[in-house]
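Notes for the structure review
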Amino acid sequence: MDVRIYAEGTRLLGCVAPLSTYTVILKKLNEPGGGKKPEKKQKLLFICAFLTCIGLTFLILACAVPSPKIFYPFFVLLFYVLSVLPVFIAKRTTPGNETNPKSEFALFLTAGMVLSAFALPIVLAHAAVITWTAGILTIISNLINYGTIFGYAMRDDEPYGSMF
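Residues numbered from 1 in each chain as written. Predicted model: local features only at pLDDT ≥ 70, side-chain atom pairs only at ≥ 80, totals over all residues. Heavy atoms only, no water.

Looking at an unreviewed UniProt entry, one finds the protein named Leptin receptor gene-related protein, with Drosophila yakuba as its source organism. Here is the UniProt Sequence similarities (unreviewed entry) comment for the protein, exactly as written: "Belongs to the OB-RGRP/VPS55 family." (UniProt positions renumbered as here; feature names shortened; annotations may be inferred.)

So, on to the overall build of the protein. The number of helices and strands found in the protein is 5 helices and 2 strands. When the helices and strands of the protein are placed in sequence order, the string is β-β-α-α-α-α-α. Long-range contacts, defined as pairs at least 24 residues apart, comprise 51% of the intrachain contacts of the protein with a sequence gap of at least 6. (Helix = DSSP H or I, 4+ residues; strand = E, 2+ residues; numbered from the N terminus. Contact = heavy atoms within 4.5 Å.)

Mapped onto this numbering, the UniProt entry gives "transmembrane region" (unreviewed entry) at residues 44–64, 70–89, 105–124 and 130–154. Helix and strand shares over residues 44–64 are 100% and 0% respectively, and the end C-alpha atoms of the span are 30 Å apart. Helix makes up 100% of residues 105–124 and strand 0%, and the two end C-alpha atoms of the span are 28 Å apart.

As a further point, take the packing of aromatic side chains. The geometry of an aromatic ring pair is captured by two quantities: the separation of the ring centres and the angle between the planes. Summed over all chains, the structure comprises 5 aromatic pairs. Each residue in the set Tyr-80, Phe-118 and Tyr-146 is aromatic and connected to the rest through ring pairs, giving one cluster. (Phe/Tyr/Trp six-rings, centres within 6.5 Å; stacked < 30°, edge-to-face > 60°.)

Take a nonpolar patch on the surface next. Taken together, Tyr-72, Phe-75, Leu-78, Val-81, Leu-82, Leu-85, Ile-89 and Val-129 make up a surface patch of nonpolar side chains, about 730 Å² in accessible area. Tracing the chain through its elements places Val-81 in helix α3 (residues 76–93). (Patch = residues over 30% accessible without salt bridge, like charges linked within 9 Å, V, L, I, M, F, W, Y side chains within 5 Å. Areas by Shrake-Rupley, 256 points an atom, 1.4 Å probe, with all protein chains shown as cover. Salt bridge = Lys/Arg side-chain N within 4 Å of Asp/Glu carboxyl O.)

Take the packing of α3 against helix α5 (residues 132–153) next. Interaxial distance between α3 and α5 falls to 11 Å at its minimum, and their mutual angle equals 20 degrees. By the angle between their axes, α3 is roughly parallel relative to α5. When the axes of α3 and α5 are compared, the crossing they make is right-handed. In this structure, α3 uses Val-76, Phe-79, Tyr-80, Ser-83 and Val-84 to contact α5, whose residues at the interface are Thr-138, Ser-141, Asn-142, Asn-145, Tyr-146 and Ile-149. Taken together, the residues that form the contact of α3 with α5 break down as 6 nonpolar, 5 polar and no charged. (Axes fitted to C-alpha atoms, helices over the stretch in contact; angles between N-to-C directions. Parallel < 35°, antiparallel > 145°, perpendicular 65-115°, else oblique. Left-handed = near helix turned anticlockwise from the far one by under 90°. Nonpolar A, V, L, I, M, F, W, Y, C, P; charged D, E, K, R; others polar.)

A few words on the nonpolar core. Ala-62, Leu-124, Ala-125, Ile-130, Ala-134 and Leu-137 together form the largest nonpolar core, which totals 6 residues. Looking at this core, the elements that each hand over two or more residues are α4 (101–126) and α5. (Core = buried A, V, L, I, M, F, W, Y, C linked by side-chain atoms within 4.5 Å. Buried < 20%, exposed > 50% of the residue type's maximum accessible area, 1.4 Å probe, protein only.)

Let us look at the confidence of the model for the protein. In the predicted model, the protein carries a mean pLDDT of 78, and 70% of its residues have values of at least 70. Confidence, expressed as mean pLDDT per element, reaches its minimum in the protein at strand β1 (residues 2–5) with 46 and its maximum at α4 with 93. Predicted confidence is poor over residues 1–26, with pLDDT under 50, and the contacts of this stretch with residues over four places away or in other chains come to 29 contacts. (pLDDT = per-residue confidence, 0-100.)

Laid out in structure tokens, this is it:
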């Protein structure tokens, strides 16, 4: 049975489809929020984006607040990008979820880069290149950003497993 629906304010103007399709669509349109509920993946993505913005704000504050025009804390951005690459490459080249020396070495490289990201502001502050306030703000930024990366990587909703 086909029914022609002329609903104002919907995308159903003049469409022809089975009646059951329109009942489902109209039920979704009558729900609060128009039937557009954010999915679990979207919520996770919004949370990760929000936490990353907070972490980068702390990193910008580390460069601007204690002594202006000292941008050495921004070097940890390289570690943010480079720390996930070995695990992603090993994950793509390893079949299934088995452990092999390649994935173990990738985890070792990742741990070394994460440790370097935490050690860099401490070394720079100890050498008086940046202030201790900038070093602490950079470490707070590292905690937030690496926590976000780790939390996103540990999700299990992917069809091929999570990052680790």
